[in-house]
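The lines below spell out each chain.
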Amino acid sequence: MNLDNFHKHIPPKIYERGEEYYENDMVDNVEHHYPDTWTAEVEGSDLYTVEIKMNGDDIVSWDCDCPYDYGDMCKHTVAVLLHIKDNKDSYQVNIEIPPSSQQTQMTEILKHANHKELTSFLSQYADKHPDFYQALISSLHPQKKATIRVDYAKEIQKCFHARGSYDRYGYSNDGGEISRQLDRYVEKAKSLIKLNCEEEAQTILLHIIKEIGDGYEEYDDCDGDLAFVCQEASEIIEKMIESSLPDNLLEVATNAIGQMIKNSNYDNYGLADLEQILFSISLKTSNFENAIRIIDEALKDSPDSFRTHSLVASKIELLKNANKKEDVEKVISHYLYLPEIRKIRLKELLSEKQYGKALALIDEGIGLAEEKKHLGTVSDWKDEKLSVYKLMDNNEKIIELAEDLFVNGRESMKYYHILKTVIPSEKWASYLDDFLLKSGKQRMWGIGGHVLAQIYIAEEYWDKLMAYVEKNIQLGGYSSLREYEPYLKSRYPERMLAFYQLQIIDYAAKNMGRNHYKYVADVLKTMKEYPGGAETVSLLLAHFKSIYSKRRAMMEELED
């Protein structure tokens, strides 16, 4: 079996997987040792070491420390053989010279040395011995090792090949595990910045941002760890730009951002504020035209998407910064159909106290939103309109809009408080009763119960709040009695205790399971705090033990 025909001796599936590993650059640290032994590391669900003995092109033997044990060659070995086949002539044979006894001893000491102690020793020794310091710098300082180029694109891509957790659907791409591996490179970038190695640091950070953005939807990042790494990398780059990056590195960053900004993932998931980085670069280089060009190209790719407004807003900021007032007006006018851009024009009109034009602009926005049936946007524009009427001290219109938004908006209590500030106090009580009755009829499902309860609390309508609880609250349901109990416990102790008693009997009858039994026990403890509660609870315990004596878990919880 040799390099040209070994594929004939391998099961097709194993060969295909090995070929995939090789093509995805998962073979690393390949070395050719004297007389003809090859070693390499292969990224899989773990990092595996492969050793292959050759005689020219003939394969003599192989070994891999992966758990594959079916007698055939594993996919990791196949990947290494394919690498050797394609790159054999580019490797020199490493002839190993046996280490001296002193080197062997030193290797063993360093192998088990405490990192903190070793760092402290090296720092102190280098401080006292200039020759050693120079040797250390020459050997280890990144700038002194400039001839040894690290392929960070490949290194960072490897972090994404690591297998995550396993479930019944197979291995998932665990964003948390990937982020932990990327953290090492972020920390390295920070160290490189301190050592004035900005180019290498920027290379690492740009590759991290690119790789996360390119495949973010493929990864399981429910905790947001991967997104956090991307945000941190972009924030570090922005700080580098704000400090003093040379022009050639600013150009590299501009080109990279120009490509990445076309990827909507950065906006979709809040991974990085690429527009802000571009803005920072334009401030440093005074080359806003280049930034405008990049944004215009991105707008061509996303002419009318959810991210269009953020790109347009960035373009407006760039033009404003360059004092291009006419261009700013043209861009705003062109994109006035976007609510976010219309609000920029609205802000300008309000700053000039042109309230009539502001109201007309808002009404146009309401019309556009109604055409598209964007009811949330309609409410937002009405809220803006209410703010304008506040500036105009037009109480009649404030009341009209606040009433409308109380019924049809998203924050009813906000508009209740606004109404209370503009309705004369002597008329408020009768107005509120009439308004709540009218609003309940206008709203398809009536006024939300929680809203009513909050109004009863604000107005100190305790009897209405008690009646609301008795009619609408169920123990264990979505509505929480604990929210209202502090207001009712001392005012209506008998009605509250009776409410609890009725509800807990019904709850115990309808729910089984230890968690439910714990809930019953907790409610009984709460009931004991009421006047006459201890006697009521004793009767309930006797009732439950009589009816549910076979529910062992329930009996255990009630004993506590």
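This one's a predicted model, so the numbers in the text were calculated from it and none came from an experiment.

(A) The pattern of salt bridges, seen in detail. Using the criterion set out here, one finds 29 salt bridges in the structure. Put simply, Glu 329 and Arg 345 hold a salt bridge, and the shortest N to O gap is 3.0 Å. With Glu 329 in helix H15 (residues 325-334) and Arg 345 in helix H16 (residues 339-351), this pair connects stretches of sequence that are 16 residues apart. Here the salt bridges share partners, and the residues they tie into one network are Glu 187, Lys 190 and Glu 232.

(B) Region of interest: helix H20 (residues 412-422). Where H20 is concerned, the buried positions are Ser 412, Tyr 415, Tyr 416, Ile 418, Leu 419 and Val 422. Considered in projection along H20, the buried side chains sweep an arc of 165° and stay on one side of the axis.

(C) Quick look at a negative patch on the surface. On the surface, Asp 46, Glu 51, Asp 63 and Asp 65 cluster together into a negatively charged patch. Structurally, Asp 65 is set in the loop between strand E4 (58-64) and helix H2 (75-87).

(D) Examining the pairing of strand E3 (residues 47-55) more closely. Of the two faces of E3, only one is covered, namely that formed by Tyr 48, Val 50, Ile 52 and Met 54; the face formed by Leu 47, Thr 49, Glu 51, Lys 53 and Asn 55 stays uncovered. Here strand E2 (residues 37-43) folds back onto E3 in antiparallel fashion, the turn holding three residues. Note: E3 against E4, six bridges, orientation antiparallel. Among the inter-strand pairings, Lys 53 is bridged to a residue of E4, identified as Ser 61. Between the end of E3 and the start of E4, which pair antiparallel, lie two residues, with Gly 56 showing a positive phi angle near 70°.

(E) Fine view of the side chain of His 33. Structurally, His 33 is set in strand E1 (residues 27-33). With a relative accessible area of 12%, His 33 lands in the buried category. At a separation of 3.3 Å, a polar atom in the side chain of His 33 contacts the side chain of Glu 31.

(F) Region of interest: the sheet that holds E4. Strand order in this open sheet of five strands is E4-E3-E2-E1-E5, and the pairing throughout is mixed. The open sheet is flanked by E4 and strand E5 (93-94), the only strands paired with a single partner. Across two bridges, E1 lies against E5 in parallel orientation. Bridged to His 33 within E5 is Asn 94.

(G) How the structure looks around unusual backbone geometry. Backbone torsion omega between Tyr 34 and Pro 35 reads 5°, so that peptide bond is classified as cis. With respect to the secondary-structure elements, Pro 35 resides in the loop between E1 and E2. For Asp 25, which is not glycine, the phi torsion reads 55° and is therefore positive. With a phi angle near 65°, Asn 196 is a residue other than glycine that sits in the positive phi range. Tracing the sequence through the fold places Asn 196 in the loop between helix H7 (175-194) and helix H8 (198-215).

(H) Quick peek at the side chain of Ser 310. Counting through the fold element by element, Ser 310 comes out in helix H14 (residues 308-321). A polar side-chain atom of Ser 310 sits 3.4 Å from a polar atom in the side chain of Glu 275. Contact partners of Ser 310, with chain neighbours within four places excluded, come to Asp 267 and Glu 275.

(I) Quick peek at the nonpolar core. In this structure, Leu 182, Ile 208, Ile 212 and Phe 544 are the most contacted members of the largest nonpolar core, which totals 134 residues. Residue contributions to this core peak at nine residues, all from helix H9 (residues 225-243). For Leu 182, the residues in contact, after removing those within four places along its chain, are Ile 156, Cys 159, Phe 160, Ile 208, Ile 212, Leu 226 and Val 229. Residues Met 26, Val 50, Cys 66 and Leu 81 belong to the second largest nonpolar core, which totals 28 residues.

(J) Structural detail: the packing of aromatic side chains. This structure, assessed with the given rule, holds 18 aromatic pairs. With 5.0 Å between their ring centres and 50° between their planes, Tyr 216 and Tyr 269 make a pair best called tilted. Of this pair, Tyr 216 sits in the loop between H8 and H9 while Tyr 269 sits in the loop between helix H11 (265-268) and helix H12 (274-285); the two residues are 53 residues apart in sequence, bridging distant segments of the chain. Take Tyr 269: its relative accessible area is 38%, and that puts it in the partly exposed class. Each residue in the set Phe 406, Tyr 416, Trp 428, Tyr 431 and Phe 435 is aromatic and connected to the rest through ring pairs, giving one cluster. Directly above the aromatic system of Trp 381 lies the positively charged group of Lys 343, at a separation of 5.7 Å from the ring centroid. Directly above the ring of Tyr 530 sits Lys 489, whose terminal nitrogen or CZ lies 5.3 Å from the centroid.

The rules behind these values
- Residues numbered from 1 in each chain as written.
- Predicted model: local features only at pLDDT ≥ 70, side-chain atom pairs only at ≥ 80, totals over all residues.
- Heavy atoms only, no water.
- Salt bridge = Lys/Arg side-chain N within 4 Å of Asp/Glu carboxyl O.
- Helix = DSSP H or I, 4+ residues; strand = E, 2+ residues; numbered from the N terminus.
- Buried < 20%, exposed > 50% of the residue type's maximum accessible area, 1.4 Å probe, protein only.
- Arc of directions from axis to C-beta.
- Patch = residues over 30% accessible without salt bridge, like charges linked within 9 Å, V, L, I, M, F, W, Y side chains within 5 Å.
- Areas by Shrake-Rupley, 256 points an atom, 1.4 Å probe, with all protein chains shown as cover.
- Lys, Arg positive; Asp, Glu negative; His and termini not counted.
- Charge placed at Lys NZ, Arg CZ, Asp CG, Glu CD.
- Pairing = 2+ DSSP bridges.
- Polar contact = N/O pair within 3.5 Å; in protein donor to acceptor, adjacent residues only side chain to side chain.
- Contact = heavy atoms within 4.5 Å.
- Core = buried A, V, L, I, M, F, W, Y, C linked by side-chain atoms within 4.5 Å.
- Phe/Tyr/Trp six-rings, centres within 6.5 Å; stacked < 30°, edge-to-face > 60°.
- Lys NZ or Arg CZ within 6 Å of the ring centre and 35° of its normal.

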